Amino acid sequence: MYITHTCLYERMSGYDLVDIEVTHESADDLFDSLSEDSNRGDHLQSIQAVRLQAGQPDSELRSLKELDENSVKLLEHQVDAAYRALFEMDGKALLADEVGLGKTIEVGMILKEMHFRQTDESVLILTPAQLAKQWQAELREKFGLDFVCNYDDEFEDFDAHDYIIASIDTAKSERHRETVLKRNWDVLVLDEAHYVKNEETDRYDLIDQLSYNYAFFLTATPIQNELTDLYNVVSLLRPGLFGTRDVFHHYFVNSNQETLVNRDELQDRLNKVMVRNRREDTDIDFTDRTIDTRTFDPTPKERELYQAVSNYVKGAYSQDQGQKLVLMLLQKEVVSSPVALKQTIEKRLYEQSELTHADELESILDLIDEIDTVTKQERLLDIVEEARDTVEMGRVIVFTQFRATQQQILDRLASEGYTVHAFHGGHSSSEKEQIVEDFEEEGGILVSTDAMSEGRNLQFCNILVNLDLPWNPMRVEQRIGRVHRIGQKRDVFIFNMALNDTVEEYVLERLYHKIDLFQQSVGELSSILSRLEESGTSFEDEIFERLVNAGSEVDLENDFDAMAVDLQEQRDLANKLEEFNSGVFEGFDLGESDD
Amino acid sequence: MTDAAVPVTQSAVEQFTERYLRSLGCSIEHSDDYWVVSVPDTTDTEIPHGKHTLVRGEGAPDGDDDSTKRLHPESAFFQRLLREAAERSPTGKLSIESESDIETPKWIQRSDVEVQNAQFVPYYDRTAAVVLFRVGIETVSEYQKEFLRAVAVDSRSEEHLPRLAESFLELTSVESSEAPSGSAELTQTEARPLLDTARELVINEIQDRLDEIHREASRAADSEVEEYRQLQEHRITELQEEHSNLSAKINDLSEQINTGDEDSRVQALRERKELKSEYEELNETLNELRERRDGGFPERQREIRERHSLDVQVTPLTLTEVEYERGEVDFELTNGSRGQTVTLGYGSGIGVTETVRCASCDQELSEQDPVQKISNGLECQRCAKER
C-alpha cells in the first residue's frame, strides 16, 4: 500500500479546498494469483462477479405492484419523483412540485417502498395541525400505512409509537420536544417545509436538531420572501451543499435579492436534492366543474327552530365554554335535519341528570315535533329528479355529516321509488367496497356521511350534492375529491344546499365562495389553510366564535366578511408566492440528472 | 468513461448463479418459483454439499442453516456466491477475436458514404493488461462513493487503450457465457509496471468526478468553519458585554472607595479586588478569543478541514491479459457510382488506430466533420460544401 498525499490550499471559487489522500491498496493477491500454476476457476466468472458486486441492486420501486389500483392512481411524474428521491438523492430530498401535483402521493410511495424494504423502523411526519388527519387518512387508504396521529386518543408520546404524524407545533412544544429530539428517527417527513425557512425560529431549531437517517421535505413554494429561504431549507437537508450563507449570496443571488444568477451551477446543485414538477409538464387534465349553490327559505317552523337552537347555543356557551363541542354540534345539526338535532338533544336530556337549561331543550324538542316539512329534503328531490333524466343511471352522491339525516333521506328517496345506497363509517371495509360496486352497477343515489371522504374513488359518478356543509373546508374538498379527480371523464356538477339566513348560508356565501373553495384545484386549499394556521386560527373555532359572540345580525355579517377578507388575503398571498416561485424556477430544468 | 459496474437485476442474478453453479459441477432442477440445486461432495466450494432449494425473488431473509435460500440481488446467498466467484480467479487471459465485427470509424458512420466491404488483415498479436479498479471516495459530508473502472494498457508500449477497455467490458458482460480464455502468461515482474501505469490512468480518468466531490467537501467544510466563526463572534459579543458590565461595577466601587466611610471602603475594596481579578480573567479570555479570531481560528479550521478531507482508495481487483491483434483494415467505400478502397491501421477491440486527414484542407476527419467525397482522395464535409 502506498499513499499519495495531495495538499492543496489554493483559493478557488471563494473557498479553501480540503486535502485529498489517495491510497493505492496492495496488489499482492493479484500477483500471487499470477504465479499460481493454475487458477481454480473461470476468470470470466470472476470478472462478472466483481462487476456484479460493484453494481447497484436493481433499483426499482418494488412496492408498486403491492398497491391497490383502485385506491391510488399513480402518475408518471409522481413515480419519477419517488424514485429520484430514494435512489438518486440518497433519501434526502426536497419535493417541490407545483401545487396540486400530488406531493403527498409521492411521499406515500416513498414510505411504502421503505416499508417494503424494511428501512422504516421509526417514521415521523410533521405537518401543519389542520392537515395531520388528512395525511393519516391518505396514507392508510391509499398506501395501507398505519400512522398514529397526535390528535388520536391512543397517542401517548413520541417515544411510544413508531409511525407518527404530528403537528410540528406539538412536536416543538415544551412537553414533547425533549422526547422528539431524544429519538433517532429513521425517516422524517416535513410538510409545508417553507415554514421552517427562518433559522431563528423554534421550528427551524427543532428540525435542525432532530436526528434522522432519511428526510423528505415538501413545499410548493421553497422561497417565501427572499432567496435565502431556499438556502435555509436546503441546508437543513444537505448542510454545505450551497457552502456558506455569504457564498450563496455572493454567488447565486443578485444584489436586489430578487433574481438568481449563475443558474446553471445552482441547478446542478439543486438537482442533487430537489425535485420540482411543473403542471405544464404533466399529463394531468381535469374536466370542468360547475357549482350550483341553492339557497331556500326555511318554513316558519324551521325558522323558529333555528332561532331557538341558536339562542340556546349562545346562552349556554356564554355560561360554560367547556360545552363548546356539543354546542357546535347542535348548531350544525339544526341546518342538517330536525331528526339529527332531536337525537343529540334527547341523548343530552336523558343521559345527563344535572343538565342546566333542560327546559329550553325540552321546548326545542317540541318545536322539532311540530315540523312536518323539511325544506332541504323536499328540494333534494328536484335535483335527483333532474339527474334521473339527464345523467347515466341517474347516479348522484349526496353527502351529509349526520347519520340520522342520512337515514331520513334514504327512507324518503326510497319511498319515492329511487334506488338508494347507504354508506357510513359503521360498515366494514368489505361492505363498503360492495356498496360502491352496487352503486356503480345499479345507479341511483348514494347517500353518504363523511366516512366516504377517505380514499374511495367514485369517478363513475359526476353529480354531488352537499346537503349540509362541514365547517372545515378540507372536508369539503375531500368530498369533491371523491368524484372530481384524475380519471373523471365528464364535467362535474356540485350542488350546495343551504337555508337562507342561517350559519350555513354565511359559511357558504361569505366564506367558501369568497375563496372560491369549490373551484380550488386539489392542494391549493391546503396551502391557504396552512397559511391561516400560521396566524394561529382554526377554521371551525373561528366560525363558531363569530357566531356566538356577534351582538347583532349586522355584527355577524361584518364578522364573517372580516374573516372572508382574511382568507382572501391568505389566498392572494399563496397565489403570489406560487407565481413568484414559478418565476424564479422558470427555465430550470429540474428533471433527471445526467449521472 | 464507462462504468464497469453492472445493474444487478433479478435476471442477471439468475443467469450468473446458474452458470456459476453448473461450472462447479452442481445440477439444477427448475420449477416456477424455485430451483433445487444439488452440490456434489467433490465440489470445491464453500456452499455446503447436498441439496438446496433456491427460492426466486424477494421474501423472508435466508435462514442460518436452513437448506432453503433466497435468490435475489440482495440475498445473503447470492452475495456469498459473488464473493466466492470473485476470489476464485482474479487473473487470467481473454482474447478478442479478429473475426468479430469490424468497427467503422465515426467519420464514416456519420457520412453518406457507404462501406461495401471491410477486411481486416492481422499482422501481429499484441497483449494488453486490463485492470478492474474499485475506487472508493470517502468524506464526512457525502455518502461514500464507489466506482468500478476498467483501464487497459498495452503490455509492450504501455499505451493507454480506452477503446480496448470498453471492448473488454462488452466481452465480459453478464450475458456472455463463453469467452476464449486461459491462464495469464504475464509474470509478476512484467505485470508490476503495467499496474502502476494503470493506477495513474485510473486516477486521471476519474479526475472530473473527484474534483466535483472535492469541491463539495470543501464547500461543506467552509460552511462549518463559517458557522463556528459566527458562534465565536457571538461569544465575543457576550463577553464584551460582560466585560463592560464588570468595568462599570468596578468604577462604581472605586467611587464608593473614594467617598464612603471606613467600613464600606474596606468592603468595597475587597469586592473590587475580587471583581478586578474576574475582570482580568475575562480580559484574558476575550483577548485570546479575539486573537484567534483575527488569525482566522487556524486550529479549528485545520481540524474541520481535516475532518472533511477526501480519502480515495484505489484497489485493483482483477487483472486480465487480453490478446488482441493489430494489422490493417481495408474499407471499400462507395458514394453513388464512385468507389474507393482505404487501408488503415486497425486493432481488434480498439478499432482504427490512425487518424485520416481531408485531402483538401488537411483537417482531421471526425464525427463532426465526416468524409463527404471520395472521388479525389477523401474530402471532408466542410470542403465539399464550400465547392
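Note that the structure is a prediction, hence the values are computed from the model and not measured.

Below, the discussion takes up the overall build of chain B. Assigned secondary structure in chain B consists of 9 helices and 13 strands. A burial count over chain B gives 33% of its 387 residues as buried. Long-range pairs, those at least 24 residues apart, make up 61% of the contacts in chain B between residues at least 6 apart in sequence.

Scanning chain A from N- to C-terminus turns up 23 helices and 17 strands. Looking at chain A as a whole, 44% of its 595 residues qualify as buried. Sequence-distant contacts, at least 24 apart, represent 73% of the contacts inside chain A between residues at least 6 apart.

Let us look at the interface of chain A and chain B. With 45 residues of chain A at the interface, the matching set in chain B holds 67 residues. Contributions of two or more residues to the side of chain A that touches chain B are made by strand 3 (15-16), strand 4 (20-24), helix 1 (28-35) and helix 2 (43-54) of chain A. Looking at which element gives the most residues to the side of chain A that touches chain B, the answer is helix 2 of chain A, with 12 residues. Within the side of chain A that touches chain B, the residues separate by chemical class into 17 nonpolar, 17 polar and 11 charged. Pairing between strand 4 of chain A and strand 9 (residues 310-335) of chain B: 5 bridges, direction parallel.

What follows deals with the sheet that holds strand 12 (residues 289-296) of chain A. In sheet architecture, strand pairing relies on hydrogen bonds along the backbone and comes in two forms, parallel and antiparallel. All names here are of chain A. Across the sheet, which stays open at both edges, the 6 strands sit in the order 12-17-16-13-15-14 with parallel pairing between neighbours. Among the strands making up the open sheet, the edge pair consists of strand 12 and strand 14 (420-423). Across the sheet, the mean angle from the axis of one strand to that of its neighbour is 20°, orientation sign disregarded. Relative to strand 15 (residues 445-448), strand 13 (residues 396-399) is paired through 4 bridges, and the arrangement is parallel. Within strand 15, the residue paired with Ile 397 across the bridge is Leu 446. Sitting on the sheet, helix 17 (residues 403-415) touches strand 13, strand 14 and strand 15, and the angle it makes with strand 14 is about 170°.

Turning our eyes to something else, we now look at the confidence of the model for chain B. On average, residues of chain B carry a pLDDT of 88, and 95% of them reach 70 or more. Here the prediction assigns the complex a pTM of 0.62, and the interface score ipTM is 0.86.

The next subject is helix 1 (residues 10-24) of chain B. Residue and element names in this part refer to chain B. Its 15 residues give helix 1 an end-to-end C-alpha distance of 21 Å, which sits within 8% of 21 Å, the value for a rise of 1.5 Å per residue. When we look at burial in helix 1, the residues that qualify are Ala 12, Val 13, Phe 16, Thr 17, Tyr 20, Leu 21 and Leu 24. For helix 1, the arc enclosing every buried residue in end-on projection is 140°, short of the 170-degree limit, so these residues lie on one face. Positive phi appears at Gly 25, one or two residues downstream of helix 1, with a value of about 105°.

About the criteria used
- Residues numbered from 1 in each chain as written.
- Chains lettered and ligands numbered in written order.
- Predicted model: local features only at pLDDT ≥ 70, side-chain atom pairs only at ≥ 80, totals over all residues.
- Helix = DSSP H or I, 4+ residues; strand = E, 2+ residues; numbered from the N terminus.
- Buried ≥ 20, exposed ≤ 12 C-beta atoms within 10 Å, placed from the backbone.
- Contact = placed C-beta atoms within 7 Å.
- Nonpolar A, V, L, I, M, F, W, Y, C, P; charged D, E, K, R; others polar.
- Pairing = 2+ DSSP bridges.
- Axes fitted to C-alpha atoms, helices over the stretch in contact; angles between N-to-C directions.
- pLDDT = per-residue confidence, 0-100.
- Expected span 1.5 Å × (residues − 1).
- Arc of directions from axis to C-beta.

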